[in-house]
Amino acid sequence: MGQHPGTFTKFMDKLMDVIGGSMFFLMVALTGFNVISFWTTGRRYGQLEELVVSCLVWVSYISLGQHYRDKECIRADFLLTAMPPKGQRIVECLTDLATMVIAAVILFFGIQLMLRSTNKYTGVLKLCYFWIDLGLVMGFISLVYNIIWKYIPKKSPHEKEEKPV
């Protein structure tokens, strides 16, 4: 099972990092501004709070697949490390299968939610919920893609390509 992502995967990882990093920076900056505004003037801005919540949705989901692939998600693996390598691979495959099923269900309902929210808007800024829900959908597409990618056989860099005769 290959751990070396292809060019498309590397591009998507970089894109997710840029989007997630930008949203996180925006979320922190807007929260900071709102806090300072509250301390100095006693006023908070609902518009900024809506943007922060929107950014939080994106930050929470956008790199889900990349973190799952790189085993950077929270896991209780104390029993797994005590198992022999073959048992670890079996448990990992079962975990991937369960994660894939759950992710596919969430993706299905997330797409439905996103499509149904094209005419729903936030209370203050009137942002379309479609754009907020898109972060969830992109995150779970990334998760499903990375689980499938893990099980696609990869060519070793040392293998030579056969030339047609």
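Everything here concerns the structure above.
Values in this document were obtained by computation on a predicted structure and should not be read as measured data. (Residues numbered from 1 in each chain as written. Predicted model: local features only at pLDDT ≥ 70, side-chain atom pairs only at ≥ 80, totals over all residues. Heavy atoms only, no water.)

With that out of the way, let us pick up the packing of helix α1 (residues 7-41) against helix α5 (residues 129-150). Axes are the key here: two packed helices are described by the angle between their axes and the distance separating the axes. The N-to-C vectors of α1 and α5 enclose an angle of 150°; their axes lie 12 Å apart at closest approach. Between α1 and α5, the crossing angle belongs to the class labelled roughly antiparallel. When the axes of α1 and α5 are compared, the crossing they make is left-handed. Each of F8, T9 and M16 in α1 lies in contact with α5, whose residues at this interface are M138, Y145, N146 and W149. Looking at the contact of α1 with α5 residue by residue, the class counts come to 5 nonpolar, 2 polar and no charged. (Axes fitted to C-alpha atoms, helices over the stretch in contact; angles between N-to-C directions. Helix = DSSP H or I, 4+ residues; strand = E, 2+ residues; numbered from the N terminus. Parallel < 35°, antiparallel > 145°, perpendicular 65-115°, else oblique. Left-handed = near helix turned anticlockwise from the far one by under 90°. Contact = heavy atoms within 4.5 Å. Nonpolar A, V, L, I, M, F, W, Y, C, P; charged D, E, K, R; others polar.)

Here the focus is the packing of helix α2 (residues 46-61) against α5. The geometry of α2 relative to α5 is characterised by a closest axis approach of 8 Å and an angle of 5° between their N-to-C directions. Taken as axis vectors, α2 and α5 run roughly parallel relative to one another. Contact residues: α2 offers S54, V57, W58 and Y61, while α5 offers W131, I132, L134, G135, L136, M138, G139 and F140. Looking at side-chain class alone, the contact of α2 with α5 contains 9 nonpolar, 3 polar and no charged residues.

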